[in-house]
Amino acid sequence: MSEHILVSVAWPYANGPFHVGHMAGAYLPADIFARYQRLRGRQVLMVSGSDCHGTPITLAAEKEGVTPQTIINRYHQSFIETLHAMGITFDLFTQTYTTNHYAATTDIFETLQSKGYIYREIAIGSYSESLQRFLPDRFVEGTCPNCNYAKARGDQCDKCGQLRDPKELGSPRSTLDGAPVIFRDTEHFFLDLAKLEPALREWLESTDRDYWRSNTMQFTQNWLREGLHGRAITRDLEWGVPVPGAVEGFADKRIYVWFDAVIGYYSASLEWAKRTGQPDAWRKWWDPAGAQRGYYFIGKDNIPFHTIIWPAMLLGYGDRALPYDVPANEFLNLEGQKMSTSQNWALWMPDIMSRYEPDLVRYYLTAAAPEGRDSNWSWAEFVQRTNSELVATWGNLANRVLTIAQRNFGGVPTPSDLTAADTTLLNTIEVGFARVTELYEAVKLRSALQETMALAQTANQYLSEQEPWKVVKVDRDRAATVIFVALKIIDTLNRLFSPIMPHASQKLHQMLGYDDMIAPQPQVEYELDPDGAQRPVLTGQYAIAARWQMSELVPGVSLRDPAPLFRKLDDSVAADELARLQAK
RNA sequence: GCCGAUAUAGCUCAGCGGUUAGAGCGAACGACUCAUAAUCGUUAGGUCGGUGGUUCGAUUCCACCUAUCGGCACCA
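Procedures and definitions
Residues numbered from 1 in each chain as written. Chains lettered and ligands numbered in written order. Predicted model: local features only at pLDDT ≥ 70, side-chain atom pairs only at ≥ 80, totals over all residues. Heavy atoms only, no water. Helix = DSSP H or I, 4+ residues; strand = E, 2+ residues; numbered from the N terminus. Rg over C-alpha atoms; globule rule 2.2 N^0.38 Å. Buried < 20%, exposed > 50% of the residue type's maximum accessible area, 1.4 Å probe, protein only. Contact = heavy atoms within 4.5 Å. Areas by Shrake-Rupley, 256 points an atom, 1.4 Å probe, with all protein chains shown as cover. Lys, Arg positive; Asp, Glu negative; His and termini not counted. Charge placed at Lys NZ, Arg CZ, Asp CG, Glu CD. Phe/Tyr/Trp six-rings, centres within 6.5 Å; stacked < 30°, edge-to-face > 60°. Core = buried A, V, L, I, M, F, W, Y, C linked by side-chain atoms within 4.5 Å. Axes fitted to C-alpha atoms, helices over the stretch in contact; angles between N-to-C directions. Parallel < 35°, antiparallel > 145°, perpendicular 65-115°, else oblique. Nonpolar A, V, L, I, M, F, W, Y, C, P; charged D, E, K, R; others polar. Expected span 1.5 Å × (residues − 1). Arc of directions from axis to C-beta. Pairing = 2+ DSSP bridges. Salt bridge = Lys/Arg side-chain N within 4 Å of Asp/Glu carboxyl O.

(A) Molecular detail of the overall build of chain A. Within chain A one finds 18 helices and 18 strands. In terms of C-alpha radius of gyration, chain A reaches 27 Å, essentially the compact-globule figure of 25 Å for 584 residues. C-alpha extents for chain A along the principal axes are approximately 90 × 55 × 45 Å. By residue count, 57% of the 584 residues in chain A fall in the buried class. Contacts in chain A between residues far apart in sequence, at least 24 positions, make up 76% of those at least 6 positions apart. Counting only carbon and sulfur atoms, one obtains 48% of the accessible surface of chain A, whose full area is about 24100 Å². Both charge centroids of chain A, one from 57 positive and one from 70 negative side chains, sit 3 Å from each other.

Given below as structure tokens:
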């Protein structure tokens, strides 16, 4: 039995706030999965943090005339606020700009180096004399040798799709200032993926990975088919983790951001353990011999880093658990069009959270989750699903049952003998419970939600047929039985819904007379960053009773006064939001 | 260009080598009134993108075509 579940979530790049695509792609599914696992009584460690290094952050800082720290502090703060508002239960959401992370990165680099998995090589880099710096290929443009398109980028021509190398461009220049680009030798460290490839293949083939999503496997095998090559892990940059060992000629070079970002899963685990006062506690989730599983929640653009590069690094490092599953999501479109942050065609989370309750967003993003293929956010559908599913089917079910119970019996009534209708319903719920459990376990959250909502409909049918509001006038015992059964059902369904809608579930849990937490929430705390300034982290106390089972509600329990779980949205919302979006 | 994904009811999507292809929403009609004008029932609606092939049998497998989308590596 895998009692220790590591929930690793993609590290957001700290150069802009979250949009709904980030939530749908990684943070929300990760949180739902973590909440489900905790309710099953398993030990969950959920980590991530802000990815603070790399060229775009440096450039953003220069553009504003501020330090990189200013940029990352701004967006790290924004990330924390969104995650907190959405109720994403990180054990630790930290950042890569910490002494802890620098130390872990240095350790992994040095260990890989000592084992011969890192080598040095001279490469040719695109260099801007005007800016006196090397440029990533994407910041170089010129004339495409294939189609003569004048604005082909260094990594790819947008017109014909060809091109691999900026040196092939005619009259290459920088996209930053338009000045010419020259090519200079530059020495770098490389991760020897070719050397790690056999071990990587062995790991991939060591077990039947049918449970991986087909797209994840597809991407991975495409990479392997072409064979693995060394990958540069340092860059000519001044912002990032320094190259360990004070190597001559590397003083003005830094660890390349992709290399240090994936290490974050590990370094954040170490940091979490230190914060708890048990510095070795992380081992339970990272010991390959232990009962553990690591799940990596990411967007599809990140697949090779998590199924190839990070596993290869771990294999090279040695004695650390590799990913068990990498449930990568596809992309979320917006009103039928691909989201684009540069064209501001996006729904920004700070904006959304200012107007809508987190559970509404959580519900809709799960119902329309891009699990198997790209999906779409539509405001009309958001309103429709909220009103007809959340409010009418589920919220109303809970409300009507609680109201009848409270008004007629003042609490959980004592049932008499169950009829065939009662046992049939209870059986349906029990079978459904098992099916939903399987779906959560397999990270099929969209289906899990759909199944649970279907069970709520079954409960509504039962009430229509049994008519307890009528029966109570002629046969109080029978009405008591029906209401008892209905209360058990909504209590049970509330547990199935709780990973997806924790705020509403906690409310209902308390209305049902419970005093404990079923859906805890994260909190913001503060740590010192390497410069001595305070930085926020997201963390929390999530120890809860293992309530992943049918309701154990007993007669005589007193209920708290019912209140609606969700409010209906006005029909004008869809049109208003669409107008707001198009006005940008 | 190469690789891959997707094309199913008005809309959003499930599904799958085999009886009359499903759900939700939307539409029409009816029931009910405990509940947030919520709920429940009934009905209408599809030659499952096109062509060809494999098969006793294909929406489901294969090939090609068309359309849409994504990836193509040193980009985070």
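(B) Highlighting the packing of aromatic side chains. Counted under the stated rule, the structure contains 40 aromatic pairs. Considering the side-chain rings of Y265 and W310, the 6.4 Å spacing of their centres and the 55° angle between planes classify their relative orientation as tilted. Here Y265 is found in helix 7 (residues 257-276), whereas its partner W310 is found in helix 9 (residues 303-317), with 45 residues between them in sequence. By relative accessible area, Y265 is classed as buried at 1%. Judged by centre distance (5.5 Å) and plane angle (85°), the rings of Y266 and W282 are edge-to-face. Pair noted here: Y266 is in helix 7 and W282 is in the loop between helix 7 and helix 8 (283-286), with a separation of 16 residues, a long-range link.

(C) View of unusual backbone geometry. One non-glycine residue, A246, lies in positive phi territory at about 45°. Tracing the backbone shows A246 in the loop between strand 11 (234-235) and strand 12 (254-255). Not every positive phi belongs to a glycine, and D319 is a case in point at roughly 60°. Take D319: it is sitting in the loop between helix 9 and strand 14 (328-329). Take D319: its relative accessible area is 56%, and that puts it in the exposed class.

(D) Local environment of the nonpolar core. Ranked by internal contacts, the top residues of the largest apolar core, which has 174 residues, are W310, M313, W377, W394 and L487. In contact with W310, not counting residues within four places along its chain, are I108, V262, I263, Y265, Y266, W286, Y296, F305 and P323. Within the second largest apolar cluster, six residues are counted, among which are L59, F139, V140 and V181.

(E) A look at the packing of helix 7 against helix 9. Look at helix 7 against helix 9: their axes get within 11 Å of each other, and the N-to-C directions meet at 75°. Taken together, the axis directions place helix 7 and helix 9 in an arrangement best described as roughly perpendicular. Contacts from W258, F259, V262, I263, Y265 and Y266 in helix 7 reach F305, H306, I309, W310, M313 and Y317 in helix 9. Of the residues contributing to the contact of helix 7 with helix 9, the split by class is 11 nonpolar, one polar and no charged.

(F) Main features of the packing of helix 11 (residues 358-367) against helix 14 (residues 445-466). For the pair helix 11 and helix 14, interaxial distance at closest approach is 8 Å and the crossing angle is 110°. In terms of their interaxial angle, helix 11 and helix 14 are classed as roughly perpendicular. Residue-level contacts link Y363, T366 and A367 of helix 11 to L445, R446, L449 and M453 of helix 14. Here the contact of helix 11 with helix 14 is built from residues that sort into five nonpolar, one polar and one charged.

(G) Examining helix 14 more closely. Between its first and last C-alpha atoms helix 14 spans 32 Å; for 22 residues at 1.5 Å apiece the expected length is 32 Å, and the two agree. Taken together, the buried positions of helix 14 are L445, A448, L449, T452, M453, L455, A456, A459, N460, Y462, L463 and Q466. Along the axis of helix 14, the buried residues cluster in a sector spanning 160°; they form a single face. In helix 14, the exposed positions angled more than 90 degrees off the buried face are occupied by Q450 and E465. Positive backbone phi, at 45°, marks E467, one or two positions downstream of helix 14.

(H) Seen up close, the sheet that holds strand 4 (residues 118-128). One open sheet accounts for four strands, arranged 5-4-9-10; its pairing is antiparallel. Single-partner strands in this sheet number two, and they are strand 5 (133-135) and strand 10 (231-232). Bridge analysis of strand 4 against strand 5 gives three bridges, and the strand direction is antiparallel. Residue pairing across strands places S128 opposite R133, the latter belonging to strand 5.

(I) Spotlight on the side chain of R547. In this fold, R547 is placed in the loop between strand 18 (534-539) and helix 18 (572-583). Given a relative accessible area of 14%, R547 falls into the buried group.

(J) Representation of the pattern of salt bridges. Going through the model one piece at a time under the given rule, you end up with 31 salt bridges. Among the salt bridges present, the one from R120 reaches E187, with a minimum N-O distance of 3.1 Å. One end of the pair, R120, is in strand 4; the other, E187, is in strand 9 (residues 181-191), with 67 residues separating them in the sequence. Salt-bridge contacts for R547 lead to E552; the nearest nitrogen and oxygen are separated by 3.1 Å. Several salt bridges converge on common partners, so that one network encompasses D491, R495, D516, R547 and E552.

(K) Examining the environment of F93 more closely. Assignment of secondary structure puts F93 in strand 3 (residues 92-95). The exposure class of F93 is buried, given its relative accessible area of 0%. F93 has contacts with P12, S48, G49, S50, H76, F79, I80, L83, V537 and L538, leaving out every residue within four places of it along the chain.

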